[in-house]
Amino acid sequence: MNAMTAPPAPASSLRVPIEGMTCASCVGRVERALARLPGVTAAQVNLATEVAEIQGGAPLDLSAIRQAVEDAGYRIGTRTVDLAIEGMTCASCVGRVERALKRVPGVIDATVNLATERAAVTAAASVEDEALIQAVIDAGYAAKRTVADDAGGQPREAAAESGRMSREARHLLIAALLSLPLAAPMVALLWGEHWMLPGWIQWALATPVQFWLGARFYRAAWKAVRAGTGNMDLLVALGTSAGYGLSVYHLLQPALHHGTRPLYFEASAVIITLILLGKFLEARAKRQTTEAIRALQALRPSTARVRRGDQDVDVPLAEVRVGDTVVVRPGERFPVDGRITQGRTHADESLITGESLPVPKVEGERVTGGAVNGEGPVLVETLAVGAESALARIIRLVEDAQAKKAPIQQVVDRVSAVFVPVVIAIALVTLLGWGLVNGDWTQAILNAVAVLVIACPCALGLATPTAIMAGTGVAARAGILIKDAEALETAHKIDVVAFDKTGTLTRGAPVLVEAMPAAGDAAQLLGLAASLQAGSEHPLAHAVLEAATGLPRVAMQSVRAVAGRGMEAELDGQRILLGSEAMMREAGVDLAPLAGRADALRNQGHTVSWLARGAGADVMLEGLLAFRDEPRPEARSAVARLHALGVRTVMISGDNEGAARAVARSIGIDEVRANVMPAQKAEAVTALAAGSTVAMVGDGINDAPALAAADVGIAMGTGTDVAMHAAAVTLMRPQLALVADAIDISRRTTRKIHQNLFWAFGYNVVGIPLAAFGLLDPVIAGAAMAFSSVSVLANTLLLRRWAPATHARSEAAHGAQTAQA
């Protein structure tokens, strides 16, 4: 007899878009990379369509495929799909939806947020929305694409949410009215009164609560059973059905000689009513955690007044185009990002940048859509509208941060995956234990019911995402944009903050304080320097050009910048050099005549540049230029606040040691890394990160590599430039004190997450054993289960009271100015 052979694994295929290919050799490289993957039997890449057709003997791992393609030097075309998920009730639902989405061929990752009821799916570009929605439906839930309005991003779901809240409030009221007569005798017993409704009236009151108002639990439980899993609804349906069924059984039995059999209709009805109350309060609290993002969405006007010829026409915001002139009257919100072309005003940007005081705006200055025009009418040239506006980008950043999971949530997800099966097993053991040992099956059922209804996976699922939503929301309101939950969780561990010097700790606008010639006239020296730097955008060049206003200049040839050194040009056959000491030494310039003065200037915190000229190797010193970049007024107090938080501060600067240390002393910086070239900043940050959690604070442009190298990159942004991709945190206004505020809100949010998880786990760790040992009445268990989520959310909502210290000081200063006036 021939030995039986195992059936072959089912074949699978996958079509994946490939980006970055340019020729036939690229095709071969990608095909070889894919063919080497385990399970891949064939891989064909089409250069014309830029699609790879991959065959395998088993389900293909898209993550491994993406890694192989990236290692080969290319990338997979992906897109992100946002889905609104309906029907989730607890953390186990989250895990089931995520697993269902990840099983869809072509899906790379899926993250589901219980608090926002959203799923963010990263998938190959070939994956269709319908396949994702069908996967969610097959898992027992409903899904739809989130729809944005024409104004550029605000979801059209406020009305639906309001209607759902009204319906839940109505159902809760009806359940309470039906349950009250059942619960009243329980309360009366506390005063020795013995009221009891006839059994059939109890049945008539409890049945609508159980099967009409509680139908949601049965529907969700049935979907979970069909999907081969469990959720909170299954626990509630099993527990209350057991109590209700036992009561019906006793009601139909003949009466006992000494009285009627005990009925528990009040337990099942009150448990459902309490859980409905908990769900209602939970929905209200979840809505409050998203208040900050809704406040930002509400800033976007629906129309704009556009000047067309000699007329001003009100048009929908979606019809405004870049270049249009928009008329904004006093008290109105700027509908677009733009530049003032006529008029002057003060703009209230408090809800966008967190700046509590109005900001003066004159012709030529930019304004941000959503800010309030405080004074006179102005004309604004439109620079950005809709999804490209600063407000829309801020909203996207905050929504993305709220949608992502913190690393600690992974632990919760693993617990939630086994939570419901474990609770059902404990309830079964409780039932059999009490029934077989004591022979009292009625008590056994009641104790098992208590086990089922005390379990609260909802609180586990809400503990982390609601805290992140509240924390990122209040941070955004204060002008602190946190890119994702991981950055929020990492920021609370920061113990070293590294600052870029120019433009971050200082104003970024140096002024020339001294021009000292080696011989001759200072004006001639300054004119020569200005001639060399006539086309430069460097801050030091601006300082020279401003100081040399009115001085004669000469045209130079072959002007070029020397990276990290300075500038070089030719004039009448001679080399003209302007730059650092290193540049001069490389050119063989003798600096001795002015070395003493240069040292004295550096020790005072000045930056020194040298000017030299000559032919060939015979280059002589012409003089030196000394610059000073004043520290920001708030720099010292901001550093002091970091020290109060237990954070060590470091300044990274390309300046020489003396100048850098002088600035550091005036501000209170702990440590200085001087003479650091721009390309070396990332290495300096990496060195600091050895054994520490480091934040790098920079302007987000020249410091991008250093920001990316830090554990947390913090970019000093402005209200019209928030897309600092290298940074995990963007400060909407250039105030150094916001750095300490960002660390503070991160620590408070992380503390809330830990507190929430403590309470969520605590309810179960304490409650389930009490119920199993018969020490917890089912009604009390139901109340505890209902209010576990509410207590977690109430704790989270305390974060909404947080306000940055910078805001408080700004308000105090404004009040003092008002009082003096």
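The structure displayed is predicted, hence computed values, not measured ones.

## Structural notes on the nonpolar core
- With 167 residues, the main nonpolar core has Leu34, Ile65, Leu101 and Val497 as its most contacted residues.
- The greatest single-element share of this core, amounting to 13 residues, is contributed by helix H26 (residues 737-772).
- Excluding residues within four positions of it along the chain, Ile65 makes contact with Leu14, Leu34, Leu37, Ile54, Leu60 and Ile76.
- Grouped together as the second largest cluster of nonpolar side chains are 26 residues, Leu317, Val385, Ile394 and Ala476 included.

## Quick notes on the sheet that holds strand E7 (residues 118-124)
- The strand order E6-E7-E5-E8 describes an open sheet built from 4 strands, whose pairing is antiparallel. Of all the strands in the sheet, just strand E6 (107-113) and strand E8 (142-145) have a single pairing partner and so form its edges. For this sheet the average axis-to-axis angle between neighbouring strands, irrespective of direction, equals 25°.
- Here 4 bridges tie strand E5 (residues 78-86) to E8, and the two strands are oriented antiparallel to one another. Paired with Ile85 across the two strands is Ala143, which belongs to E8.

## A word on the pattern of salt bridges
- All told, the structure shown has 22 salt bridges when counted by the stated rule.
- Salt-bridge contacts for Asp312 lead to Arg307; the nearest nitrogen and oxygen are separated by 2.9 Å.
- Three or more residues joined by partner-sharing salt bridges are found here, namely Glu581, Arg585, Asp599 and Arg602.

## Quick look at helix H7 (residues 215-226)
- Helix length check: H7, at 12 residues, gives a terminal C-alpha distance of 17 Å against a target of 16 Å (1.5 Å per residue), a fit within 8%.
- For H7, the full list of buried residues reads Ala215, Phe217, Ala220, Ala221 and Ala224.

## Comments concerning the pairing of strand E10 (residues 311-316)
- Here strand E9 (residues 303-308) runs beside E10; their pairing, made up of 6 bridges, is antiparallel. Across the sheet, residue Arg307 finds its bridge partner in E10, namely Asp312.

## Description of the UniProt feature "transmembrane region" (unreviewed entry) in the chain
- The UniProt record annotates "transmembrane region" (unreviewed entry) at residues 172-191, 197-218, 230-251, 263-281, 415-437, 443-463, 756-773 and 779-799.
- Along residues 197-218 the backbone is 86% helical and 0% strand, and the end-to-end C-alpha distance reaches 27 Å.
- End C-alpha to end C-alpha, residues 230-251 measures 31 Å, and it is 91% helix and 0% strand.

## Examining the environment of Gly471
- If you trace the backbone, Gly471 turns up in helix H15 (residues 457-477).
- Residues Gly471 and Ile482, spaced 11 residues apart in sequence, show a C-alpha to C-alpha distance of 9.4 Å.
- Sequence-distant contacts of Gly471, defined by excluding residues within four places in its chain, comprise Ile745, Thr749 and Leu799.

## Description of the sheet that holds strand E18 (residues 480-482)
- Taken in spatial order, the 7 strands line up as E18-E30-E29-E28-E19-E26-E27 in an open sheet, and their pairing is mixed. The open sheet has two edge strands with one neighbour each: E18 and strand E27 (671-673). On average, each strand axis in the sheet is tilted by 20° relative to the strand beside it, whichever way the strands run.
- Strand direction decides the pairing type here: strand E29 (residues 712-716) and strand E30 (residues 729-731), joined by 3 bridges, are parallel. Across the sheet, the residue bridging to Ile714 is Val729, located in E30.

## Brief notes about a nonpolar patch on the surface
- Together, Leu428, Leu432, Leu436, Val437 and Trp441 line one region of the surface with nonpolar side chains, adding up to about 530 Å² of accessible area.
- It is helix H13 (residues 409-438) that contributes the most residues to the nonpolar patch, 4 residues altogether.
- Within the secondary structure layout, Trp441 lies in helix H14 (residues 441-454).
- Judged by its relative accessible area of 40%, Trp441 falls in the partly exposed class.

## Focus on the side chain of Thr749
- Looking at the element boundaries, Thr749 is found in helix H26.
- Residue classification places Thr749 among the buried residues on the basis of a relative accessible area of 0%.
- With residues up to four places along the chain from it excluded, the contact list for Thr749 reads Ala467, Ile468, Gly471, Leu488 and Leu799.

## Regarding the packing of helix H8 (residues 232-252) against H14
- Between H8 and H14, whose axes approach to 8 Å, the crossing angle comes to 155°. Classified by the angle between their axes, H8 and H14 sit roughly antiparallel to one another. Every pair of crossing elements has a handedness; the one defined by H8 and H14 is left-handed. On H14, the residues that touch Leu235, Leu238, Gly239, Ala242, Gly243, Leu246 and His250 of H8 are Thr442, Ile445, Val449, Leu452 and Val453.

The rules behind the values
- Residues numbered from 1 in each chain as written.
- Predicted model: local features only at pLDDT ≥ 70, side-chain atom pairs only at ≥ 80, totals over all residues.
- Heavy atoms only, no water.
- Core = buried A, V, L, I, M, F, W, Y, C linked by side-chain atoms within 4.5 Å.
- Buried < 20%, exposed > 50% of the residue type's maximum accessible area, 1.4 Å probe, protein only.
- Helix = DSSP H or I, 4+ residues; strand = E, 2+ residues; numbered from the N terminus.
- Contact = heavy atoms within 4.5 Å.
- Pairing = 2+ DSSP bridges.
- Axes fitted to C-alpha atoms, helices over the stretch in contact; angles between N-to-C directions.
- Salt bridge = Lys/Arg side-chain N within 4 Å of Asp/Glu carboxyl O.
- Expected span 1.5 Å × (residues − 1).
- UniProt positions renumbered as here; feature names shortened; annotations may be inferred.
- Patch = residues over 30% accessible without salt bridge, like charges linked within 9 Å, V, L, I, M, F, W, Y side chains within 5 Å.
- Areas by Shrake-Rupley, 256 points an atom, 1.4 Å probe, with all protein chains shown as cover.
- Parallel < 35°, antiparallel > 145°, perpendicular 65-115°, else oblique.
- Left-handed = near helix turned anticlockwise from the far one by under 90°.

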